[in-house]
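Each chain, letter by letter, is given below.
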Amino acid sequence: MSSDWQTADTVLSRRTTAKDRKSNSAVNKAARSGNTITEKKYGAGGNTQKAIQKNTANLDRETEELKHETVSKDFSVHLREARAKSGLTQKDLAQKINEKPQIVGEYESGKALPNNQIQVKMEKALGVHLRGKDAGKALQPRGKKK
C-alpha cells in the first residue's frame, strides 16, 4: 500500500527552488500530471476596502459642522469683569480654584469646554454668579431663608 504524500512531493525530478516551482514550465508540468491545484487570487495583498462608502455628492451636500460646545460669550465676559473687579490675575484665580492658569485663560477667551465643577469653583472664588439669569450679580450667602 503506497501513501499519497510520497507520490506528490516533487514537481521536478531535480532539486527545486521556490523560483523553479513558480515558473510557467514547472506549473504547466505539474498541472499535466495532476499534482497541483492553482487558485487565482484577485486583489491579494492589496489595501482594498470592501465597505460601502458615502458618495462624494452626499458629503458635499452635508452642511452640518460638528464642533464641541464651548463656554458662552456671556460667561467669558462676566468672568473677565468679575476677576478684574476683585483685583485678581489669571494666575491668582487659578491658584484659588486649584486649576492651571491656562484653564482660566481658555474660559476668559471662550475656547474652553464647559465643566460645571470648574465654573462653580470660579463663581465661589469670585463671589459672583457667572451663569444663568443672575449672571453678574453677587452670590447670596448661605444661610436661613427669610
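Bear in mind the structure is a predicted one, so any value in this text is a computation, not a measurement.

## Details of the overall build of the protein chain
Move 1: Within the protein chain, the regular secondary structure consists of eight helices and zero strands.
Move 2: When its helices and strands are written in sequence order, the protein chain yields α-α-α-α-α-α-α-α.
Move 3: Sorting the 146 residues of the protein chain into buried and exposed places 18% on the buried side.
Move 4: By element, 49% of the accessible surface of the protein chain is carried by carbon and sulfur atoms, the whole surface being about 12700 Å².

## Some words on the confidence of the model for the protein chain
Move 1: Across the protein chain, the average pLDDT comes to 76, with 64% of residues at 70 or higher.
Move 2: The lowest-confidence element of the protein chain is helix 1 (residues 4–7), averaging 50 in pLDDT; the highest-confidence one is helix 6 (residues 90–96), averaging 93.

## Some details on the layout of surface pockets
Move 1: Of the volumes computed, that of the largest pocket is approximately 220 Å³.
Move 2: Surrounding the largest pocket, Val120, Glu123, Lys124, His129, Leu139, Gln140, Pro141 and Arg142 form its lining.
Move 3: For the lining of the largest pocket, the per-class residue count stands at three nonpolar, two polar and three charged.

Definitions and cut-offs
- Residues numbered from 1 in each chain as written.
- Predicted model: local features only at pLDDT ≥ 70, side-chain atom pairs only at ≥ 80, totals over all residues.
- Heavy atoms only, no water.
- Helix = DSSP H or I, 4+ residues; strand = E, 2+ residues; numbered from the N terminus.
- Buried < 20%, exposed > 50% of the residue type's maximum accessible area, 1.4 Å probe, protein only.
- Areas by Shrake-Rupley, 256 points an atom, 1.4 Å probe, with all protein chains shown as cover.
- pLDDT = per-residue confidence, 0-100.
- 1 Å grid on protein atoms, 1.4 Å probe; cavity = no way out; pocket = protein on both sides within 12 Å on 5 of 7 lines; lining within 4 Å.
- Points joined across faces, edges and corners; volume = space filled by probe spheres on them.
- Nonpolar A, V, L, I, M, F, W, Y, C, P; charged D, E, K, R; others polar.

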